[in-house]
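# Structural description and commentary
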Amino acid sequence: MVIKQAKEVLRIEAEAIQNLIDRVDKNFANAVDLIYLSRGRVVVTGVGKSGIIGRKIAATLTSTGTPALFLHPVEGMHGDLGLVMKDDVVLAISNSGETEEINSIIPIVKGIGAGLVALTGNPDSTLARDSDVTIDIGVEREACPLGLAPTASTTATLAMGDAIAVTLLDKRSFQKADFRRIHPGGNLGERLMVRVRDVMLTGKGIPIVRVEQPMTDAIDEMTNKNLGLTLVTDSEGILVGIITDGDLRRLIRSVDNILQRPVKEVMTLDPKTIDEDKLAGHALEEMEKHRITSLAITDGIKRIKGIVHLHDLLGRGEFKFRS
Amino acid sequence: MTTYPPRGLIGALVTPLNDDHRIDKPSLKSLLEYIMKHLQGVVIGSGDVGEGFLIDNERRMELTTESMKIADGRIPLFLSITEDIEDQTVENIIYVEKTRKKLNYRGDIFLLDCPLHYHGNKGLPCLYVEFGKLTSLPFVLYNNPLLITQLQKHLKRKNIRTNVLKKLSRNEQIVGIVHVGELRRAINYGRAVRERRNFRVYDGSELNFLSRPGLGGVVSQGANILPAKWSEVTESSTNPKEALREDPEYYPRIWKTGHELKLFHEAYMQNPSAIIKSALKLMGKIQSSAVFEGTLRITPKQESMIHDLLIEHGLLQSPNV
């Protein structure tokens, strides 16, 4: 009897996933594109068992290169919606599509300007109607009696979440090195989801010299601040250049009396910068793209607000650029 | 545009009779009013508890007309049209069409048909194409192998074959199926009609629904006696509300209700029409527990058993109180 029942449950759950195959259509592709093209994170939300599934989907997305986090809608209503930005995509999970807690945050999410993808078993629901894209995760039958616990429907949701994550992974050409980047301590994915402003060095921690100062001052500043570089400003504090350890090594043999020369003769012009509202993950991508280890953070007129170093993002000794 | 049948609890109504075996119209009204507010649809003259295969032509027409008058569009009606032979079934389709027009009936009507009672699997898709020429009303199929066996039909097949259902589901006018029997077949039927998103597969077997609920809903005989409790369990199974789950009393209550429904199911399945009618008479919902010629009469033991069960569950006052 027990074996028969177990087989019955597994048959129902397998059927639920089998059914999903026919439901994967252009809506699925649109949802993946929406997430892929967004410059923000995926914010997964749901309550009850859907919430538990949502946490797993967020973790899977993060592990496979799509920055994601879980937001409980009730916490959202009490202030946590502040973490949703306009570049984010909210992935809302509700089998009925009428979960009050979820539907109450929809107007706020829409007001912020974030994208909204619904994972629901009811394509005619309020959630589906208000979403940019709806993915149908409806099942024909639950395996648990009396609706005491969702079974096949949560299995289907979980499977669809995996389909989204893996599709995005393929789309991003996620590499072995990316896994190294995201998995060293298990919590690195979370660390890359914070904003640059939350990890950047500010105030006296920023190595800065002015263009007219001699290179000896620049070397002292680089040594004291221990970032292997110094930013260079003009007399009005506007960022104009950068000197790095690498610059010094390259120039020390080719330039005479380098220590007596003013900084402006040695510096590299127009250093790379990043907006403080960007994700730490984006900062990491920029560093990797340009093969540099720091990015300056400036305001609209290029006044220095901070600096972010690889170590601030990843911790020491945990990162190597892809060869 | 095709009308799709509702999800949820569909009550299979017993057919109330007078002691002289005429349709008991006041009891029909009383019973419908008692259960209607808890249901998403109601089956009139079903082959099992509604004794639909035993109703003669005159009384079926009377039952159909009266049900439409009482329901008055307030609830979707599943009108059983099946007869022993195809020609009589056709007559029923025509009668429903005429009555609907005559009464200017605006509510949803679905024609419930058990084709294997008068036809084999072969040629079923063509049969419904022909039926479609007689009516614009949607059809819901009824698959009940036990009933076909009981009626001693020596047909090769007791079930609508899955691949035949797949073909039938391509006919837009066929919008659902009620399956009484093995869960495995219900799953296969679900797979066969997958391409029709709104095609409804109802559990005609209450026990299947209570253990592994199909999200299309259930066609329930027990809803005659316990409509509110069947409604609560159906809602919980097909449309669970997360908010309700926060209530610490929710799980114990649903569990207890489910257990109660199973107890009643076990009791009335010994002789469904007679025992349910007896219960309804005791509860004062119908005047007589008379059944059609051909239905087993209730035994004194069964009568005593349902009486005690009703008292035990507070549906009837104990004579000692």
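For the structure itself, consult the block above.
Here is a short report on the structure shown in this document. Predicted model, so just to flag it, every value in this text is computed and none were measured.

Moving on: the overall build of chain A. Along its length, chain A carries 15 helices and 11 strands. Expected size for 323 residues packed as a compact globule is a radius of gyration near 20 Å; at 25 Å, chain A overshoots this value by more than 25%. Along the first, second and third principal axes, the C-alpha atoms of chain A reach 90 × 40 × 30 Å. Within chain A, the proportion of its 323 residues that are buried is 49%. Partitioning the intrachain contacts of chain A with sequence separation of at least 6 by distance along the chain shows that 67% fall at a separation of at least 24.

Glancing now at the overall build of chain B. Tallying secondary structure elements over chain B gives 13 helices and eight strands in all. In terms of overall size, chain B behaves like a compact globule, its C-alpha atoms giving a radius of gyration of 19 Å where 321 residues would be expected to give roughly 20 Å. Overall, chain B is about 60 × 50 × 40 Å in size when its C-alpha atoms are taken along their principal axes. Taking all contacts inside chain B whose residues are at least 6 apart in sequence as the whole, residues at least 24 apart take part in 74%. Total accessible area on chain B is roughly 13,900 Å²; 51% of this is exposed by carbon and sulfur atoms. Of the side chains in chain B, 43 bear a positive and 37 a negative charge, and the two mean positions are spaced by 7 Å.

Let us now look at the packing of aromatic side chains. Residues and elements named next belong to chain B. Under the definition given, this model contains six aromatic pairs over all chains. Centroid distance Y250 to Y251: 5.5 Å. Interplanar angle 75 degrees. Geometry classified as edge-to-face. Using a relative accessible area of 1% as the deciding quantity, one classes Y250 as buried. Y251 sits in the partly exposed class, given a relative accessible area of 29%.

Opposite charge on two side chains lets them pair, provided their charged atoms get close. Counted by the stated rule, this structure contains 35 salt bridges over all chains. In this structure, E15 of chain A and R191 of chain B form a salt bridge, with 2.6 Å as the shortest nitrogen-oxygen distance. Placement of E15 of chain A in helix α1 (residues 2-23) and of R191 of chain B in helix α7 (residues 183-192) is noted, with the two residues assigned to different chains. D88 of chain A is the partner of R195 of chain A in a salt bridge, and the nearest nitrogen-oxygen pair spans 3.9 Å. With R195 of chain A in the loop between α9 (188-191) and α10 (196-199) and D88 of chain A in the loop between α4 (73-77) and β3 (89-93), this residue pair connects regions lying 107 residues apart in the sequence. With relative accessibility at 10%, the residue R195 of chain A sits in the buried group. The class of D88 of chain A is buried, set by a relative accessible area of 1%.

Turning our eyes to something else, we now look at the interface of chain B and chain A. Contact with chain B, which involves 26 residues of that partner, is made by 31 residues of chain A. Counting each side, the surface lost to burial between chain B and chain A is near 2,600 Å², with a carbon and sulfur contribution of 50%. Counting across the interface, chain B meets chain A through six salt bridges. With a shortest N-O distance of 2.8 Å, E15 of chain A and R194 of chain B are connected by a salt bridge. Taken together, chain B and chain A are joined by 14 residue pairs in polar contact (both at pLDDT 80 or more).

All names here are of chain B. The element strand β5 (residues 139-143) is extensively covered by neighbouring structure, given that five of its five residues are classed as buried. Where strand β4 (residues 109-113) meets β5, three bridges bridge the pair, whose relative direction is parallel. In the sheet register, D113 faces β5, and the bridge partner there is L141. Note on the crossover from β4 through helix α4 (residues 124-132) to β5: the handedness is right-handed. When β5 meets strand β6 (residues 174-179), the two strands line up parallel, connected through five bridges. Along β6, the bridge assignment pairs V140 with G176.

Before going further, it helps to spend a moment on the sheet that holds strand β8 (residues 239-244) of chain A. The strands making up a sheet associate through backbone hydrogen bonding, with each pair oriented either parallel or antiparallel. All names here are of chain A. What the four strands build is an open sheet, ordered β6-β7-β8-β9; its pairing is mixed. With one partner strand each, in any of the chains shown, β6 (208-210) and β9 (268-269) form the two edges of the open sheet. Two strands pair when backbone bridges link them, and strand β7 (residues 229-233) and β8 are joined in this way by five bridges, in the antiparallel orientation. Residue pairing for β8: V232 is matched across the bridge by G241.

Residue and element names in this part refer to chain A. The axis of helix α5 (residues 100-112) is deflected most strongly, by about 30 degrees, at I106, and proline P107 appears within four residues downstream. For α5, the complete set of buried residues consists of I102, N103, I105, I106 and V109. G113, located one to two residues past α5, shows a positive phi value of around 100 degrees.

Glancing now at the sheet that holds strand β1 (residues 42-45) of chain A. Residues and elements named next belong to chain A. Strand order across the open sheet formed by five strands is β2-β1-β3-β4-β5, with parallel pairing between neighbours. Two strands in the sheet have a free side with no partner beyond their single neighbour: β2 (68-71) and β5 (133-136). Taken over all neighbouring pairs, the strand axes of this sheet differ in orientation by 20 degrees on average, direction set aside. Bridging between β3 and strand β4 (residues 115-120) involves five bridges; their strand directions are parallel. Considered in β4, the bridge of I93 is made with L119.

Relative to each other, α1 of chain A and α7 of chain B sit at 5 degrees, their axes nearing to 11 Å. By the angle class used here, α1 of chain A and α7 of chain B are roughly parallel. Touching E8, R11, I12 and E15 of chain A of α1 of chain A are L183, R184, I187 and R191 of chain B, all from α7 of chain B. In terms of residue class, the contact of α1 of chain A with α7 of chain B is made up of three nonpolar, no polar and five charged.

About the criteria used
- Residues numbered from 1 in each chain as written.
- Chains lettered and ligands numbered in written order.
- Predicted model: local features only at pLDDT ≥ 70, side-chain atom pairs only at ≥ 80, totals over all residues.
- Heavy atoms only, no water.
- Helix = DSSP H or I, 4+ residues; strand = E, 2+ residues; numbered from the N terminus.
- Rg over C-alpha atoms; globule rule 2.2 N^0.38 Å.
- Buried < 20%, exposed > 50% of the residue type's maximum accessible area, 1.4 Å probe, protein only.
- Contact = heavy atoms within 4.5 Å.
- Areas by Shrake-Rupley, 256 points an atom, 1.4 Å probe, with all protein chains shown as cover.
- Lys, Arg positive; Asp, Glu negative; His and termini not counted.
- Charge placed at Lys NZ, Arg CZ, Asp CG, Glu CD.
- Phe/Tyr/Trp six-rings, centres within 6.5 Å; stacked < 30°, edge-to-face > 60°.
- Salt bridge = Lys/Arg side-chain N within 4 Å of Asp/Glu carboxyl O.
- Buried area = accessible area lost by both parts, 1.4 Å probe.
- Polar contact = N/O pair within 3.5 Å; in protein donor to acceptor, adjacent residues only side chain to side chain.
- Pairing = 2+ DSSP bridges.
- Right-handed = clockwise from strand over helix to strand, strands pointing away.
- Bend = angle between axes of the 7 residues up to and from the residue.
- Axes fitted to C-alpha atoms, helices over the stretch in contact; angles between N-to-C directions.
- Parallel < 35°, antiparallel > 145°, perpendicular 65-115°, else oblique.
- Nonpolar A, V, L, I, M, F, W, Y, C, P; charged D, E, K, R; others polar.

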